[in-house]
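# Coordinate analysis (summary)
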Amino acid sequence: MNRAKLKTYAPQARLDFIKAVTARAADHGLTATKVEPIIAQGEVVILGGKPFSRAIARKRKALEERITRQGFEQTMEAMAYTWFNRFAAIRFMELHGYLDHGYRVLSHPDPEKTTPEILEHAEHVDLPGLNKAEVIDLKLDGTREAELYRMLLIAQCNALHAAMPFLFERIDDETELLLPDNLLHSDSLIRKLVNGIDEEDWQEVEIIGWLYQFYISEKKDQVIGKVVKSEDIPAATQLFTPNWIVKYLVQNNLGKQWMATYPNSPLKQQMEYYIEPAEQTPEVQAQLKAITPESLNPEELTLLDPACGSGHILVEAYDLFKAIYQERGYRARDIPSLILQKNLFGLEIDDRATACRGDPGEQRARCSAEHRSSQRPHLENGTPPIRISLRGVRRRACSAVQQEEPIGQRRHCSSRCGSTDRTV
């Protein structure tokens, strides 16, 4: 992975996205210093001297209320990251073939073409809520590609809402107002994302975490060493954990527990950073035997990352859990859902980090060839069980570390913090 390119791209992307959503807010009569009134005139409303449909009024009001609660700059920062994260997730998915219609949404497989592939096949795209008649009319018009592309992009985000609501809220709110303009231009935010990062770098799930760390790096430089506001704590305290350290932690916690019960397990061959237990005296061996369960049920093992950040410890643990389930003879098609529902948990104070953490967790579940050919992981109530925020910690997750359980059914808990580690 070319981290130098990520480090160059992501900080500038943050500034570009903030500028773009701020411009969109101004178009709807909202700036850091002024709030234009909403003036109703028949079937339209006037905002900053411009006419808009009445449906816009409700969304503008919601955006205005959010700015009142959070402040203008913080709202623009949050909206900018929302759209950055959505575009990054779609880019990851289109390059891995995870989009049901099979077309690229942000790019084209032919490097000579800059128009997104989905525009070429717009009339064949079947997405929930997409008006095909209107799509065909816009395409036949030949002069309204930007409007058509905006419609397709919003429909794609809404379609992904069903699988990943933590990342793709249904776009029928104030976030739609701030979807940046000019997305088909040669210098658009999407073009910079596509051209700024090599396609091969998107093959690594780690890219999501690195992008987030570099995205907030300038913000971190601004607040580090100062009295940090609550909204700036994530930027000041997060640091991406290198993959070899993640492997070491997972293999010598979850892997070690499995090997203690099953010392002849083939799992050891898959753990390059696993450390064999040291030789012990007979007395210590007897004590270890007394506290080591004779068998383990994979469905009763849980791994909790208490500061999961962008979730790479959870993603690495997914792979190890998958090998454990395979060793115990579970059906391949059942494994992804079992892992997401029963084994992985995380705590995090930064909603933005958990959003981008949810994406690689979901994508890892889809990565198995046998799973992709059968079914997608079932996500209870549409929400991945590994997404847990300290703003609303689930009792189900807490039970993994709060309940005392008999030996033989003990739970596993990660002993270190997560992929974007807390330093305070």
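Our subject is the structure that appears above.
Residues numbered from 1 in each chain as written. Predicted model: local features only at pLDDT ≥ 70, side-chain atom pairs only at ≥ 80, totals over all residues. Heavy atoms only, no water.

### Some details on helix α2 (residues 54-70)
With 17 residues, α2 ought to run about 24 Å at 1.5 Å a step, and its terminal C-alpha atoms sit 25 Å apart, in line with that. Regarding α2, the residues found buried are Ile56, Ala57, Lys59, Arg60, Leu63, Glu64, Arg66 and Ile67. Of the surrounding elements, those touching the buried residues of α2 are β2 (44-47), β3 (50-53), α3 (72-96) and α7 (174-177). Gly71 lies just past α2 and shows a positive phi near 95°. (Helix = DSSP H or I, 4+ residues; strand = E, 2+ residues; numbered from the N terminus. Expected span 1.5 Å × (residues − 1). Buried < 20%, exposed > 50% of the residue type's maximum accessible area, 1.4 Å probe, protein only. Contact = heavy atoms within 4.5 Å.)

### Examining the environment of Leu320
Along the chain, Leu320 turns up in helix α15 (residues 312-327). Along the chain, Leu320 and Gly255 lie 65 residues apart, while their C-alpha atoms are 7.4 Å from each other. Leu320 has contacts with Val250, Gln251, Leu254, Gly255, Leu267 and Met271, leaving out every residue within four places of it along the chain.

### Side note on the packing of helix α1 (residues 3-27) against α3
Across the interface, α1 lies against α3 with an axial gap of 8 Å and an inter-helix angle of 115°. Note that α1 runs across α3; the crossing there is right-handed. The segment α1 lies against α3, with Tyr9, Ala13, Arg14, Phe17, Ile18, Val21, Thr22 and Ala25 engaging Phe72, Met76, Glu77, Met79, Ala80, Trp83, Phe84 and Phe87. Split by residue class, the contact of α1 with α3 holds 13 nonpolar, one polar and two charged. (Axes fitted to C-alpha atoms, helices over the stretch in contact; angles between N-to-C directions. Left-handed = near helix turned anticlockwise from the far one by under 90°. Nonpolar A, V, L, I, M, F, W, Y, C, P; charged D, E, K, R; others polar.)

Honestly, it's all geometry; don't read function into it.
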